[in-house]
Structure formats: C-alpha cells, structure tokens
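Structural characterization, general
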Amino acid sequence: MKQQLIIGTRSSPLALWQAEFTKAELSRHYPELDIQLKLVKTTGDVLLDSPLSKIGDMGLFTKDIEKHLLAKEIDLAVHSLKDVPTETPEGLILSAFTEREDTRDVIISKNGENLKQLRLDAKIATSSLRRTSQLLSMRPDFEMGDIRGNLNTRFKKFDESDFDAMILAYAGVHRLNFGDRISEILPLDVMLPAVGQGALGIETRIDDEQTREIVKVMNNQNSEFCTKAERALLRHLQGGCQIPIGAYATYINGTLHLSAFVGSVDGKRAIRNEITKDNVTEASHAEQAGVELAEELMKQGANEILAEIRKTC
C-alpha cells in the first residue's frame, strides 16, 4: 500500500473544494495515507478573454493536469466531470465517478426574477452554448453575453455589469455557499444539464493499480452508470467541437432513463428525445443506451445541426 498520494487540481475555489473533499473522503477510509495537493494552472484558467465557443473547451481545464499525471508528478487528478473530454489520453483512465450533486442549472438575477419574470430583451450571461441554445429556444428575445472566470470571479463580474441574469450550475453555487443568490432552479424540462454535471471524475494512470484500488471507495455506481451513458451519447455526437448538447440520466432498480437535447446555437432548431433501458447491470449497457439515443437524435436531424456548427469550429 502506498504511504503518500498527491492530488492534482486547479487552484480555483471550487476546484480546491473538490480536491479537499476528495482528500477528506480518502483520508476517512485510509487514515494512514499522507495526502497532499499539487496546484496546476490550466489553459482554461489563463485564457479568460475569449469565449469558450471561440477557443474550444476540449480539455482546456484538464490537459495540463493530465501532463503532470502522465509524468508521475501526481497520483490522481480531480476534475469536474463535465470538463473532462469523452476521450482520455492514452495511459490514463477515469477510475471513480463520485455521487452527484443536484445536476440542474440555476438563474442568478439582479432583482430575484425567475425565467418568466425577466424583462423583454433581458441580457443573460453565460459561457455555455448549451445554455444559450436552450434559453433562446424558449426566449428568442434574450440578449446572450459571455462571462468567464472561476465562480467567485463570475459573481464579481456579474454584479459590476449591466447583465440582468446569469446561468450557473447548482452544484458549484451550492458547494461555495452562494445558494442565497439563486433566483430559480431551472427544471429539467426547461434546461438539460451538461454531460456529467454535478459529479467529480477521479483520473489515474492505468498502470497504477494501487491508486486505482484506493480511489474505488469514491466510486458511486449510480453516478458511474448515468454519467457513462451521458458521455457515450456526447462522444457519439460531438466530433471534437463544443456543441449545444444537454443530457441527463437516472438509474433506479436496474432501469436507466436518459434524456438529451441537441440545438442550434441560435436556438431556432432544437431536438429532444429520451430512452429507457431495463436490466442495466454493467457500465457497457449504460454506454450502449447513450449510443442508441445519439443515433435516434441523428435520425431526427441532429446531424444537420451539428454539421453547421462544425463548419465554424
């Protein structure tokens, strides 16, 4: 058994919360382990002046940490699973999927208005094409604007701006104790979350069997099956671009239910569908459900939507 583990993490307050949570959970199960954190600045933390849709977000928040992992400078990496590309680098593997926080998105508005109460032509802040597409499909009058940075920075920028509202993930807002700023938690029939939203992905080297065994205590099978279904759907559709896709899976008593959304950036075209699979007892069954739903979305016209987006990425 190892005597020391080094966790690689970004330095943002939310990333540190996630790393400290992982450290505490591992220490609870393995009190003899000396667990240290190594802070890594990622490309996504540096390039804050451009929208993610312009620079692409494929690994912006993970690649630099993964370099340290491959170089054996750290033993594991803790990521927000929604930031992790669906293809991991050769030699690395996601060894644990933590229990999910509430996956939904929230509205933070200046005067406490919910979605329906926001004024005509309201200015909405988000760096997500997924959120932009779903909001514009319901409220084409909205004026969408980009806001980047860690959660604390986004709140500061928002408070000093002329934006009427911004959209964030509940998980981060809750974990950093900004819950009193929430104006509305958006229901899933209004806004499907990002793939993997609310879960942490614990990444290790494939050949580091000791660390893989240690982090198994962090794995939640429900979270693993649901997020693997969502990630399989995204992998089948994505093709290396940031595209407006939302997905949400549930797993209860062997039955997996997966809902998904694909839309154009302007929200004028939006496709939703869902699938239910019984007797899901292995991760591969969940992933197959994701592939099957992706195929159904393609039959409905997702291919045409995605082809237009790929022309610009």
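Note that the coordinates shown come from a computational prediction; the quantities given were computed from them, not determined experimentally. (Residues numbered from 1 in each chain as written. Predicted model: local features only at pLDDT ≥ 70, side-chain atom pairs only at ≥ 80, totals over all residues. Heavy atoms only, no water.)

Considerations on the nonpolar core
Counting 30 residues, the largest nonpolar core has L233, L237, L256, L258, V262 and L297 as the members making the most contacts within it. At the level of elements, α9 (221–238), β11 (245–252), β12 (255–263), β13 (270–277) and α10 (283–310) are the ones that each hand at least two residues to this core. If you tally residues by element for this core, the top one is α10, at 11 residues. When near neighbours in sequence (up to four residues on either side) are disregarded, L256 contacts F225, C226, A229, T250, Y251, I275, T276, K277, V280, A286 and A289. (Core = buried A, V, L, I, M, F, W, Y, C linked by side-chain atoms within 4.5 Å. Buried < 20%, exposed > 50% of the residue type's maximum accessible area, 1.4 Å probe, protein only. Helix = DSSP H or I, 4+ residues; strand = E, 2+ residues; numbered from the N terminus. Contact = heavy atoms within 4.5 Å.)

Considering the packing of aromatic side chains
Considering all chains together, one arrives at 3 aromatic pairs under this definition. Geometrically, the ring pair formed by F225 and Y251 is edge-to-face, given 5.0 Å between the ring centres and 70° between the ring planes. Of this pair, F225 sits in helix α9 while Y251 sits in strand β11, placing them 26 residues apart in sequence. There is no split in this pair, since F225 and Y251 are both buried. The residue whose ring lies beneath K110 is F158, and the NZ or CZ to ring-centre distance is 4.6 Å. (Phe/Tyr/Trp six-rings, centres within 6.5 Å; stacked < 30°, edge-to-face > 60°. Lys NZ or Arg CZ within 6 Å of the ring centre and 35° of its normal.)

Some details on the packing of α9 against α10
For the pair α9 and α10, the least separation of the axes is 7 Å and the interaxial angle reads 35°. Of the two possible hands of crossing, α9 and α10 adopt the one that is right-handed. Between α9 and α10, the residues in contact are E224, F225, K228, A229, A232, L233, H236, L237 and Q238 and A283, A286, E287, G290, V291, L293, A294, E295, L297, M298, L306 and R310, respectively. Here the residues of the contact of α9 with α10 are counted per class, giving 13 nonpolar, 3 polar and 5 charged. (Axes fitted to C-alpha atoms, helices over the stretch in contact; angles between N-to-C directions. Left-handed = near helix turned anticlockwise from the far one by under 90°. Nonpolar A, V, L, I, M, F, W, Y, C, P; charged D, E, K, R; others polar.)

Observations regarding the sheet that holds strand β2 (residues 34–39)
Overall, mixed pairing links the 5 strands, which are arranged β2-β1-β3-β10-β4 in an open sheet. Pairing within the sheet leaves two strands with one partner each, and these edge strands are β2 and β4 (92–97). Going across the sheet, the axis of each strand differs from the next one's by a mean of 30°, ignoring polarity. (Pairing = 2+ DSSP bridges.)

Thoughts on the domain arrangement of the protein
Partitioning the protein into structural domains gives domain 1 (1–98 + 199–219), domain 2 (105–185) and domain 3 (220–312). Distance between the C-alpha centres of domain 1 and domain 2: 27 Å. (Domains from an automatic or database assignment.)

Notes on the side chain of T103
Tracing the chain through its elements places T103 in the loop between β4 and β5 (105–109). If near-sequence neighbours (up to four positions away) are discounted, T103 is found in contact with L188, P193, Q197 and Y248.

Re the pattern of salt bridges
One pass over the structure, following the stated rule, counts 21 salt bridges. One salt bridge in this structure joins E160 and K156, with 2.9 Å as the shortest N-O distance. Grouping residues by exposure puts E160 and K156 together as exposed. D208 is paired through a salt bridge with R205; the nearest N and O atoms lie 3.4 Å apart. Taking relative accessible area as the criterion, R205 reaches 8% and is therefore assigned buried. Within this structure, K2, D75, R205 and D208 form a network of salt bridges that share partners. (Salt bridge = Lys/Arg side-chain N within 4 Å of Asp/Glu carboxyl O.)

Re helix α4 (residues 63–70)
Listed in full, the buried residues belonging to α4 are D64, I65, E66 and L69. K72 lies just past α4 and shows a positive phi near 65°.

Re the environment of Q134
By the element assignment, Q134 lies in helix α5 (residues 129–138). Look at Q134 and you get buried, because its relative accessible area is 1%. When neighbours within four sequence positions are excluded, Q134 is seen to be in contact with V190, M191, L192, F261 and R272.

Topic: the pairing of β4
Taking burial as the measure, the 6 residues of β4 include 5 buried ones, the bulk of the element. Across 5 bridges, the pairing between β4 and strand β10 (residues 200–205) is antiparallel. Each bridged residue has a counterpart across the sheet, and for L94 the counterpart in β10 is E203.

Details of the pairing of β10
Among the 6 residues of β10, 6 are classified as buried, and the element is accordingly described as predominantly covered. Every second residue of β10 is oriented toward a common face, with L200, I202 and T204 on one face and G201, E203 and R205 on the other, all of them buried. The sheet contact formed by strand β3 (residues 76–80) and β10 spans 5 bridges and is antiparallel. Paired with H79 across the strands is G201, a residue of β10.

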